[in-house]
Amino acid sequence: MCGIVGYVGNKKCRGFIIDGLKRLEYRGYDSAGFSCFAQSDYLESVKEVGSVKKLEQSLEKKSCDGFCGIGHTRWATHGVASQANAHPHFDCNRKIAVVHNGIIEGFEKIRNELIKLGHNFVSQTDTEVVPHLFEELLKEFELKDALKELVKKLDGAYSFVILNKDYEDRLILVRKKSPLVVGLSEEENFVASDFLAFSDKTQNVVFLPDESITVLRKDKIEIFDFSGNKLNVEAQKIDHKFNDVSKQGFEHYMLKEIYEQKQAINKTISFFSLIENLWGQLGLTTEQVKKLKKINLIAAGTSWHACRIAQFFIEKYCKIPAQIYLASEFRYMPFFRQDDSIFIFVSQSGETADSLEALRLVKSFGVPTIALTNVVSSTMVREADGYLHMQAGPEISVASTKAFSTQLASLFWLSNKIAEQKSLMTDVEMKKAENDLFIAAEILESSIENYKVKITGQLAPFYSKYEKFIFLGRHISYPFSMEAALKLKEISYIFAQCYPAGELKHGPIALIDEKTPIVLFSVLDELIYQKIVSNAQEVKARNGHLLVFAFEGQEELINLADNCFILPRVNPMLVPLAMTGLMQFFVYQITKLLGCPIDKPRNLAKSVTVE
Ligand code: AGP
């Protein structure tokens, strides 16, 4: 997703802005740009397709620097990755520069009206209408009124930062849904789309309110609502230093984060266990928890897969129905308000636009909302009624690994806590559930060590030559097969279809041939396991190639496999968690042999902040 960084102060801005953009690189982008007030009577700028490093090198050849400037990393939504489409974008006289995150809906109409007024556009972006529209409005209105008129005409979810040559001592910030945060310091102030950009400079931050206009000088911040009324917004202290998240010797962040999972899970569960008023932090009373009749979960991508698995936890332990929704679908479905129900929003970043919009919709119905996220300073935490903050640490690789396993652990733990509150579980059983979690986390890690040599030396070289895979699971391992298929697709670009094993015979079995390996994930529910054995036999009866993730004692299934991983037995509800490390490591090694970038796959972003 796009990254915004801005500076106004008594130091030169270029160095900070480039460093800030580098901190936001993990979000994914395809081009970068910079602009500032310099000596000339128009705004200077450099824009490059490709990395921030490339932008930095281009800037070094120019004297483009000043005391107030903006930078941007673009993840293409409207228009290809090109220098012309990179931000900042300018008005006709290069006196206004704009960097933008989000989407401006219906921009084509505005663009056509401005072209009729003689404005000249050089890009395919929605963003470029902003400086030209602002230029047009400044012909008729003073600054503040022009800004009020500007936001009246712009629909969509957007945040932008504006430089205006007539006001060289200030940045103009506009926020509508897409997050924007200000860092306050002595004689200098910062703005970014993500606090990480300046977290080594100040921990004194102001999360700009939705639908707000801000004028930021080096020593002053003024915030208004879209009607121009002054807003008093308290600064917050975020005690979260920017962890200098280096790879610590690993070749990729993804491998580092695969190996961090056991620690992430243990740290998270220990952290949760120390929360004094758990239900209060979730925005609930103990009464509400006891009376709970339904739990809904909403998420996207990998987080949605975690929710699909968590459905089994909730229905087994809490003995109430759970409903899982895709955030991108939820908003367009009828909403049936149910008493004694809650909605849990699961999001690693806490910034996923689809999930945030779904949260806002549920809140509008007055139903309790809880955020389960890995970023405590995220929009989702601020907007939900309650939250649980996972302690997985920053997840940099676009492909989610430790966040996924920590989500599973968190939702397993929470389901048991709710069951305990509902007197469906004793505190001894709760302790056992936590211990089961730690055992599964241990197996998640140890299974990688057990198979590391076989995977890197034999299995990855063998499977890396295939161009398509089918992943099968059943019951609790079906949504896990969805996650496995997504992992392979998103980093290796190999086509991978996931399917319920029981459905194979209803059509997809036609796909079985020697070019398509079948990866089958077992379970520890005895009845379901017998069904999985039958599914494995169906595959073998058609000469399919079978790679199996099985558990100790499952000889019938193991004997059917062409290759198999055998894991120690765990709590049946924790089968996906136990298999996670091995699945991720297997997919990682295949991808590494293919020479893909791994941490920043093509077309993908770490946090999808546009719908
Ligand atoms: C998973 O590997 C992807 N990065 C993606 O599916 C991700 O899980 C999804 O975009 C949701 O992100 P969130 O958890 O930050 O909301």
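Residues numbered from 1 in each chain as written. Predicted model: local features only at pLDDT ≥ 70, side-chain atom pairs only at ≥ 80, totals over all residues. Heavy atoms only, no water.

Asker: Explain helix α15 (residues 427-463) to me, and be specific about the residues and the numbers.
Answerer: Across its 37 residues, α15 extends only 46 Å between first and last C-alpha, which sits more than 12% below the 54 Å expected from 1.5 Å per residue. When the local axis directions of α15 are compared, the greatest deviation, roughly 60°, occurs at I455. (Helix = DSSP H or I, 4+ residues; strand = E, 2+ residues; numbered from the N terminus. Expected span 1.5 Å × (residues − 1). Bend = angle between axes of the 7 residues up to and from the residue.)

Asker: Account for the sheet that holds strand β6 (residues 96-105), with residues named and values stated.
Answerer: A sheet is described by the order of its strands in space; here seven strands give the open sequence β5-β6-β7-β8-β12-β13-β14, paired in antiparallel fashion. Bordering the open sheet on either side are β5 (89-90) and β14 (230-231), each of which pairs with just one other strand. Direction of pairing for β6 relative to strand β7 (residues 155-164): antiparallel, over a ladder of ten bridges. Residue pairing across strands places I103 opposite A157, the latter belonging to β7. (Pairing = 2+ DSSP bridges.)

Asker: Just give me the short version of the side chain of E395, but keep the residues and values in it.
Answerer: As for its position among the elements, E395 is in the loop between β20 (386-389) and α14 (402-421). Polar side-chain contacts of E395 include one of 2.6 Å to the side chain of K606. (Polar contact = N/O pair within 3.5 Å; in protein donor to acceptor, adjacent residues only side chain to side chain.)

Asker: Residue-level account of the pairing of β6, with values.
Answerer: Most of β6 sits inside the fold, with eight of its ten residues counted as buried. Of the pairings in the sheet, the one linking β5 to β6 comprises two bridges and is antiparallel in character. Looking across to β6, one finds that H89 is bridged to V98. Linking two consecutive strands that pair antiparallel, namely β5 and β6, is a turn of five residues; a positive phi of about 55° is found at R94 within it. (Buried < 20%, exposed > 50% of the residue type's maximum accessible area, 1.4 Å probe, protein only.)

Asker: Break down the pairing of strand β11 (residues 204-207) for me, with residues and values.
Answerer: Side-chain direction in a regular strand flips from residue to residue, so the side chains alternate between the two faces of the sheet. As judged from the three bridges shared by strand β9 (residues 181-185) and β11, these two strands associate in the antiparallel manner. If you follow G183 over to β11, its bridge partner there is V205.

Asker: Summarise the site of the ligand; cite the residues concerned and give the values.
Answerer: Taken together, 15 residues form the shell around the ligand, and within it S303, S347, S349, T352 and E490 come nearest. Here T352 contributes a side-chain N or O atom positioned 2.5 Å from an oxygen atom of the ligand. E490 is positioned such that a nitrogen or oxygen atom in its side chain is 2.5 Å from an oxygen atom of the ligand. For the ligand, the protein covers 92% of the area, taking 410 Å² as the surface of the free molecule. Comparing atom positions with the cavity grids shows the ligand to sit within the second largest pocket. Of all the secondary-structure elements, those providing two or more residues to the shell around the ligand are α10 (301-318) and α16 (477-492). When grouped by side-chain class, the residues that make up the shell around the ligand number five nonpolar, eight polar and two charged. (Near = heavy atom within 4 Å. Areas by Shrake-Rupley, 256 points an atom, 1.4 Å probe, with all protein chains shown as cover. 1 Å grid on protein atoms, 1.4 Å probe; cavity = no way out; pocket = protein on both sides within 12 Å on 5 of 7 lines; lining within 4 Å. Sits in = over half its atoms within 2 Å of the grid points. Nonpolar A, V, L, I, M, F, W, Y, C, P; charged D, E, K, R; others polar.)

Asker: Hey, could you go over the packing of α15 against helix α19 (residues 575-594) for me, with residue numbers and the actual values?
Answerer: Two numbers describe how α15 lies on α19: the axes approach to 7 Å, and their chain directions differ by 25°. Relative to α19, the element α15 lies roughly parallel. The way α15 lies across α19 gives a crossing that is right-handed. Tallied by class, the residues present in the contact of α15 with α19 amount to 18 nonpolar, five polar and one charged. (Axes fitted to C-alpha atoms, helices over the stretch in contact; angles between N-to-C directions. Parallel < 35°, antiparallel > 145°, perpendicular 65-115°, else oblique. Left-handed = near helix turned anticlockwise from the far one by under 90°.)

Asker: Please give an account of the side chain of N85 that cites residues and values.
Answerer: By secondary structure assignment, the location of N85 is in the loop between β4 (68-74) and β5. Ignoring any residue separated from it by four or fewer positions in sequence, one finds N85 in contact with R74, G79, V80, S123, Q124 and T125. (Contact = heavy atoms within 4.5 Å.)

Asker: Could you give an account of the packing of aromatic side chains, naming the residues involved and the relevant values?
Answerer: In the structure shown here, the tally under the stated rule is 32 aromatic pairs. Aromatic side chains Y463 and Y466 sit 6.0 Å apart centroid to centroid with 35° between the ring planes, which places their arrangement in the tilted category. Y466 carries the same exposure label as Y463, and that label is buried. Centroid distance Y466 to F469: 6.1 Å. Interplanar angle 75°. Geometry classified as edge-to-face. Each of the two residues, Y466 as well as F469, counts as buried. Grouped by ring-pair contacts, the aromatic residues Y451, F462, Y463, Y466, F469, F471, F480, F521, F549, F565 and F586 constitute a single cluster. The ring of F90 has R94 lying over it, and the distance from NZ or CZ to the ring centre is 4.0 Å. Here the guanidinium or amino end of R602 rests over the ring plane of Y493, the centre of that ring lying 3.8 Å away. (Phe/Tyr/Trp six-rings, centres within 6.5 Å; stacked < 30°, edge-to-face > 60°. Lys NZ or Arg CZ within 6 Å of the ring centre and 35° of its normal.)

Asker: Tell me what's going on with the pattern of salt bridges, and back it up with residues and numbers.
Answerer: The final tally for this structure, using the stated rule, is 36 salt bridges. Measuring nitrogen to oxygen at the nearest pair gives 2.9 Å for the salt bridge that ties E136 to K139. One continuous salt-bridge network, built from bridges that share partners, spans D169, R170, R217, K220 and E222. (Salt bridge = Lys/Arg side-chain N within 4 Å of Asp/Glu carboxyl O.)

Asker: Account for the sheet that holds strand β2 (residues 31-36), naming residues and giving values.
Answerer: The strand order across the open sheet formed by eight strands is β3-β2-β4-β1-β10-β9-β11-β15, and the pairing between neighbours is antiparallel. With partners counted over all chains shown, the strands left at the sheet margins are β3 (44-49) and β15 (236-237), one partner each. Alignment of β2 against β3, held across six bridges, turns out to be antiparallel. Looking across to β3, one finds that S31 is bridged to V49. Of the strands in this sheet, β1 (3-9), β2, β4 and β10 (188-192) are in contact with helix α1 (residues 14-23), which crosses β1 at around 155°.

Asker: Give a description of the packing of α10 against α14 that names residues and reports values.
Answerer: Between α10 and α14, the least distance of the axes is 9 Å, while the angle of their chain directions is 20°. Overall, the two elements α10 and α14 adopt an arrangement that is roughly parallel. Considering the relative orientation of α10 and α14, their crossing is right-handed. Here T302, S303, H305, A306, I309, A310, F313, I314, Y317 and C318 of α10 lie close against α14, whose contacting residues are F404, Q407, L408, L411, F412, S415, N416, I418 and A419. Residue composition of the contact of α10 with α14, grouped by class: 13 nonpolar, six polar and no charged.

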